[in-house]
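Overview (structure and organization)
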Amino acid sequence: MKILKILTLRGPNYWSIRRPKLIVARIDLEEFAERTTDTIPGFYDGLVNRLPSLVEHFCSPGHRGGFLKRVENGTLLGHVTEHVALELQELAGMSVGFGRARSTADPGVYSVVFEYCDERAGRYALRAAVRMCESLIATGHYPDSEFDRDLEDLRELWAEAALGPSTESIVKAAEERGIPWKRLSARSMIQLGYGCHQRRLQATLSDGSSILGVELACDKEGTKMLLADAAIPVPRGTVIQYLEDLEEAINSVGGYPIVIKPLDGNHGRGITIDIDNWEDAEAAYDAASEESKTRSVIIERFYNGSDHRVLVIDGKLIAVAERVPAHVVGDGRSTISELIEETNRDPRRGDGHDNILTRLKLDRISLQRLARQGLRPESIPGDGEICYLRATANLSTGGIAIDRTDEIHPENAWIAQRVSKLIGLDIIGMDFVTTDISKPLRETDGVIVEVNAAPGFRMHVSPSEGKSRDVAGATIDMLFPPGKPHQCPIFAITGTNGKTTTTRLIAHLARQTDKVVGYTTTDGTYIGDFLAEAGDNTGPQSAHLILGDPSVEIAVLETARGGILRSGLAFDHSDVGVVLNVAADHLGLGDINTIEQMAQVKGVVAETVSRDGYGVLNADDPLVTAMQELVRGKTAFFSMNPESEVIRGHVEQGGIAAIYEDGWIVILNGTERIKVEEAVNVPMTLKGLAPFMIANALAATLATYVQGIDLEAIRQGLRTFTASVDQTPGRMNLFDMGSYHALVDYAHNAASYEALGGFIANWPGKCIGVVGGPGDRRDEDLQELGRLSAGMFDHIIVKEDDDTRGRERGSAAEWIVRGIESTDSDCTFETILKESKAINIALKEAPRDSLVTILPESVNRAIEAIESHRSSDSDGISSPSGFTSEAPMSQS
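Residues numbered from 1 in each chain as written. Predicted model: local features only at pLDDT ≥ 70, side-chain atom pairs only at ≥ 80, totals over all residues. Heavy atoms only, no water.

With that settled, consider the overall build of the chain. A count of helical and extended segments in the chain gives 29 helices and 38 strands. Overall, the chain is about 110 × 75 × 55 Å in size when its C-alpha atoms are taken along their principal axes. The buried share of the chain, reckoned over its 892 residues, is 56%. Considering only intrachain contacts with a sequence separation of at least 6, the fraction spanning at least 24 residues in the chain is 66%. Looking at the chain as shown, the accessible area adds up to about 37,000 Å², and 46% of this sits on carbon and sulfur atoms. The average position of the 90 basic charges and that of the 130 acidic charges among the side chains of the chain differ by 1 Å. (Helix = DSSP H or I, 4+ residues; strand = E, 2+ residues; numbered from the N terminus. Buried < 20%, exposed > 50% of the residue type's maximum accessible area, 1.4 Å probe, protein only. Contact = heavy atoms within 4.5 Å. Areas by Shrake-Rupley, 256 points an atom, 1.4 Å probe, with all protein chains shown as cover. Lys, Arg positive; Asp, Glu negative; His and termini not counted. Charge placed at Lys NZ, Arg CZ, Asp CG, Glu CD.)

On to the sheet that holds strand E22 (residues 490–494). Two modes of strand pairing occur in sheets, parallel and antiparallel, and in both the strands are linked by backbone hydrogen bonds. Pairing is mixed across the open sheet formed by eleven strands, whose spatial order is E25-E24-E23-E26-E22-E27-E28-E29-E30-E31-E32. Looking at strand neighbours, the two that pair on one side only are strand E25 (530–534) and strand E32 (672–678), the edges of this open sheet. For this sheet, the mean inter-axis angle between neighbouring strands, taken without regard to orientation, is 15°. In this sheet, strand E29 (residues 634–639) lies alongside strand E28 (residues 609–618) in parallel orientation, the contact comprising five bridges. The residue bridging Gly615 from the neighbouring strand is Thr635, located in E29. (Pairing = 2+ DSSP bridges. Axes fitted to C-alpha atoms, helices over the stretch in contact; angles between N-to-C directions.)

Here the focus is the environment of Gly46. Positionally, Gly46 belongs in helix H1 (residues 43–50). Relative accessible area serves as the criterion here: at 7%, Gly46 is assigned to the buried category. Once the C-alpha coordinates of Gly46 and Tyr142 are considered, the two residues, 96 residues apart in sequence, prove to be 7.4 Å apart. Non-local contacts of Gly46, meaning those with residues more than four positions away in its chain, are made with Leu136 and Gly140.

For the chain, the average pLDDT comes to 92, and 97% of its residues sit at 70 or higher. Note on residues 872–892: pLDDT is under 50 here. Beyond four places in sequence and across chains, it has 48 contacts. (pLDDT = per-residue confidence, 0-100.)

This part takes up unusual backbone geometry. One can expect most non-glycine residues to show negative phi and most peptide bonds to be in trans. Note the cis peptide between Tyr256 and Pro257, where omega equals 0°. Residue placement: Pro257 occurs in the loop between helix H9 (246–252) and strand E10 (258–262). In this structure, Ala231 takes a positive phi of about 65° despite not being glycine. Its place among the elements puts Ala231 in the loop between helix H8 (220–229) and strand E9 (237–240). Positive phi outside glycine occurs at Asp591, with the angle close to 60°. Mapped onto the elements, Asp591 comes out in the loop between strand E27 (574–579) and helix H20 (595–607).

Once that is clear, we can look at the pattern of salt bridges. Summed over the entire model, instances satisfying the criterion amount to 58 salt bridges. Linking Arg469 and Asp406 is a salt bridge whose minimum nitrogen-to-oxygen distance equals 3.0 Å. With Arg469 in the loop between helix H15 (458–461) and helix H16 (471–479) and Asp406 in the loop between strand E19 (400–403) and helix H13 (410–423), this pair connects stretches of sequence that are 63 residues apart. The class of Asp406 is exposed, set by a relative accessible area of 64%. (Salt bridge = Lys/Arg side-chain N within 4 Å of Asp/Glu carboxyl O.)

Put into structure tokens, the structure is as follows:
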């Protein structure tokens, strides 16, 4: 078995909309391509012995043990690899379940698809699954050492990737509300939502958390002074920086017992409480000084009572938890060491923040705490005797939490809410020390000993005792109050031809609203008036750039086939999903071999339209029309045919549509018929003579209309958008060369050639074509380009792309020539393989009133050549004799 290729999908994709995180591998089964598992000695028994939990995989039989029954009866190894990869992740603590194994057009090669939680762990699980299958084939077993190492590595990868407990709870709350999220590359930050409506978090610090509040919370003495000035009960205390000041400081707070802690510490580090002698005070001072960046140490009076963490979010008290320091309870038989081991067997306990509770440790601090109680690790405490391992009650050091939210006295809740305003934090945790939280602090001699920015949520979400509190939900409600959007409007545009022009036109129409529009195209990523990143940017990476920019108010995303197959979409759902057409291009690439499969790829854009959004579909393309069944929201159709049966039926049912009728772009909305603009006034349609450009204008008009953009803004945008080098480079760019015209277009497949032919057919003079085709297309596709060229041009120059995409030089041109020769056309042709030379000869030898159509690999190179040959400064349409808007139109 050989892994040929691994893809990591991170968004809605060809295989699944609802399971976006998938590993897709191409695996060559080699000599086992036709052998099923029942013919491999020892394979079934070895698999069951190593992974007995596979019995829980139902597979296609639909019942427990279904998959193993298929292995026993005989299935292919690609199928086994899928299930083993899933089960290895499950055993390592990752919940996954979706998988597929499908044959490809290449004999013996399979697509193995399965879900992952962490992509590094997913790829590891694939390789481990292949290793296991190969070992079972060779020996009938998989060694314990290999298996144990696999699970250990997978658990380690998952632990490294897992979110912290507070962040994870917030992310889950966001997902429940349909709010998208992503990890940012810096400082463990999380982005919630898209564009201008996004919010950012770092643990429980939000982008709305006041920097002054955070700084104040980190300054324990400053916090105490501010609260004391507001008549909030706080401990009596002072700050020192030198050991020689310790004795005086102890006296100033009233003597023992005292608390010593670092001025700028956190998570309970360096804190010692209930100190009652000089020797312990000296040691506590040293510990606190080491934890303080400024070597500043707080000396406070010690107050009796339990530690209560009070959480306030957006000025409202949300949760209260009593925190109990790490401890064990004696049974009269076991040593303290044995009690710790027994406590750590609780499955809720893990290392650090991995689990609900943290494992207990016997370290220097816990040994000191035991010694203060007259105990050692080998001591046997009496039945019911509590032995504390920590003085502070932090969960991260093994403490437990008991929910007390329903018990807090209203006056204490009022104090907590006052403190949140005084400190100026939107999310704040404060530590109340009191003997009874149900009574006012003034009655129990209670105090607030500390406030915390970025408080942990774990104790409230998963208390050891009591009710779980939805603190994460309260956080999301603060960030996104009811009625506030969580993402900017998203337009997603796909199709075989016309994507870039339609994307740019939608962006242009949206910009008439004076909002900041971010859009991605084959020639770059743009935000507002500026190019953010050059390149062919039609995949998820460039979409993430737009959706991650807080200045973007509207996102318009060209969404190409390649990105969907390689990575999936960058977004969970769009507001408007536009599918222009599906044609036979890129077939044979990425295991997409039929036009129906290609329609399934493009259909991902239709299927991810939100329930409140619109799928904008081409009624003239049956494959696109059928996508209406995929759209979860509403559908709007566009058509070049005003008599379209699809349009008629859709409008009769109250739907919205756009048609081209009597030279006008028309919106149909129920009984309303809105003439938006006459095509001759829309420059991109070349005076109404480019049918495919009219179709693009229909799609863009309809998409912006259903999104609520004002009709006058749409009209203004249509009138001012030109097929120029600036606005649509390589898309129907027509140049006046003085005695002839030159046209540059990126047509590169049969459907785009046919559409272009509808315009060329109207040209009154001789037509010369400089044609070629991408080298990764099928032979029959290239031959079809030649056949179509013969029907479009009087003279053809066949060239090749500099990047042959794996083909032998001259092969692509040869197949195009075969296509030309297969027709009975009387056109002439020649072959000049180098594109720059072919363009220059065509321009140099162009007859008067002719049209030189250049279909280049490099648009910039073609435009540079044209500029060097131009004898006129006019740019756009300057029609030769006989070429008018009344010339007959060819619709394709």
